[in-house]
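The lines below spell out each chain.
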Amino acid sequence: MLQTNVAVLGPVPRDQITTYEGRELVRFGASLHTAIVLSKLLPQGKVSIASHIKSADEARILQILEPFNNIDTAQLSSQHNRGDVVQLTFTDQNARHEIQTEFMPPILPADVSTLLHCDAFVCVPITDYEVPLQTLQYIKSNSKGSIIFDAHGPTTSLAIDGRRFNRYWADIDLWLPYIDVLKMNLLESKAAWQYPTTAVDDNSLDLNHLRHFARHCINLGVKLLVVTLDERGAIIFYTDAAGHLESKLVAPKRVHTVLDTTGCGDSFAGGLAFGILQQMTFENAVKIANLAGALRTQGNGFNVFNSLENYGQMLLNYNEILHLV
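Report follows, based on the coordinates. (Residues numbered from 1 in each chain as written. Predicted model: local features only at pLDDT ≥ 70, side-chain atom pairs only at ≥ 80, totals over all residues. Heavy atoms only, no water.)

## Thoughts on the nonpolar core
The following threshold applies: For the purposes of this section, nonpolar cores are sets of buried Ala, Val, Leu, Ile, Met, Phe, Trp, Tyr and Cys residues that join through side-chain atoms within 4.5 Å. Relative accessible area decides the class of each residue, using a 1.4 Å probe on protein chains only: under 20% of the type maximum gives buried, over 50% gives exposed, and in between gives partly exposed. Secondary structure counts use DSSP, requiring at least four H or I residues in a row for a helix and at least two E residues in a row for a strand, with both numbered from the N terminus. Residue contacts follow a heavy-atom distance rule, with two residues in contact if any of their heavy atoms lie within 4.5 Å.
Within the largest apolar cluster, 53 residues are counted, with the highest numbers of intra-cluster contacts made by Leu 32, Leu 38 and Leu 272. For this core, the element with the highest residue contribution is helix H9 (residues 282-296), accounting for eight residues. With sequence-adjacent residues up to four places away left out, Leu 38 is seen in contact with Val 6, Val 8, Val 47, Val 122, Gly 270, Ala 273 and Phe 274. Core analysis: the next-biggest nonpolar cluster, separate from the first, contains 38 residues, Met 104, Leu 133, Ile 139 and Cys 217 among them.

## So, the packing of helix H8 (residues 264-277) against H9
For clarity, the threshold we go by: Simply put, an axis is a line fit to the C-alpha atoms, just over the touching stretch for a helix, and the angle between two N-to-C directions goes from 0 to 180 degrees. Geometric relationships in this document are graded by angle, where less than 35 degrees denotes roughly parallel, more than 145 denotes roughly antiparallel, 65 to 115 denotes roughly perpendicular, and other angles denote oblique. By convention, the crossing between two helices is left-handed when the near helix turns anticlockwise from the far helix through less than a right angle, and right-handed when the turn is clockwise.
It is the contact of H8 with H9, at a shortest axis distance of 7 Å, that shows an interaxial angle of 150°. On the basis of their axis angle, the class for H8 and H9 is roughly antiparallel. The interaxial crossing formed by H8 with H9 has right-handed handedness. Counted together, Cys 264, Ser 267, Phe 268, Gly 271, Leu 272, Phe 274, Gly 275 and Ile 276 of H8 and Phe 282, Ala 285, Val 286, Ile 288, Ala 289, Asn 290, Ala 292, Gly 293 and Arg 296 of H9 form the full contact between these two elements.

## Re the pairing of strand E9 (residues 120-123)
Cut-off, in case you're wondering: Two strands form a pair only when DSSP identifies at least two bridges running between them. The handedness rule is simple: strands pointing away from the viewer, and a clockwise path from the first strand over the helix to the second, make the crossover right-handed.
Burial of E9 is two-sided: the residues Ala 120 and Val 122 facing one way and the residues Phe 121 and Cys 123 facing the other way are all buried. Sheet topology places strand E1 (residues 5-9) next to E9; four bridges connect them, and they run parallel. Looking at E9, one finds that Val 8 is bridged to Val 122. Two strands pair when backbone bridges link them, and E9 and strand E10 (residues 146-150) are joined in this way by four bridges, in the parallel orientation. Bridge pairing links Phe 121 to Ile 147 in E10. As a crossover connection, the stretch from E9 through helix H4 (residues 133-142) into E10 is right-handed.

## Focus: the pattern of salt bridges
Where we set the bar: Put simply, a salt bridge is a Lys or Arg side-chain nitrogen that is within 4 Å of an Asp or Glu carboxyl oxygen.
A full pass over the atoms with the stated rule returns twelve salt bridges. In this structure, Glu 21 and Arg 23 form a salt bridge, with 3.5 Å as the shortest nitrogen-oxygen distance. Arg 167 is the partner of Asp 128 in a salt bridge, and the nearest nitrogen-oxygen pair spans 3.7 Å. Of this pair, Asp 128 sits in the loop between E9 and H4 while Arg 167 sits in the loop between strand E12 (164-166) and helix H5 (172-175); the two residues are 39 residues apart in sequence, bridging distant segments of the chain. Look at the salt bridges and you will find they share partners, linking Lys 140, Asp 180 and Lys 223 into a network.

See below:
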């Protein structure tokens, strides 16, 4: 059996977290969640991280990754001594205020030139400059690997004081031909499709725009659009063999208690990439993604993902409520 190779592109931010319960934590996140989920799901595969980090954080990040023998850190670079540092203050389980105080250089074609053999490139930027369009264009021109892209990056920008805010993805049409699987939340879908006169801070379950948006994405080359709906699951859009637009609402994996939601989206992206690589149905790929995201809520360490090694059994028991692991 050929080895599966996956590249994860995105920051490894030092997250300084205040939970909605008032606890203070310091964690390294974003692409680490994605890579570790894939490591657990692909024990015989190879997962490479391409990112830029601060020299002061390098030893700790490598220590976190040391137990995962199939994660390659050769493209994890502290050469520029610049990496993301983000302050996250949660106001409830999902809502938070964010200030980014330090910034990594963007991941450019030179950073991924040794990874072009990979079967998939999972891009999990948290800010608009981190995985630029030119890098996706380079990958698409030089690799057969699928590009799985999280829209959190291009729909998030920075004020001069470091405050992170939602932005319109006004040039999305330039990006779509270079994305195979597009993952976003409902708010980000509005920021990618609605006009600026429409309030994008309304996260109500208004899905009226999604079918038009999905058709637009697919017409420009996207094979699968996944829009996450928090505790309501996710809705997926794709075309069948006859070219008809299909949509399915995938139920969430419910949990008994939520401890920490930081990194849920990045964990979801890892599970989704695995399902796509395994050529699962899109519905089952999203179920694996939901499992990874649900497990992320069950603690503060990466050991929450240990049970993903039994993902087959977890899929069979998908409708059961997940209790603390």
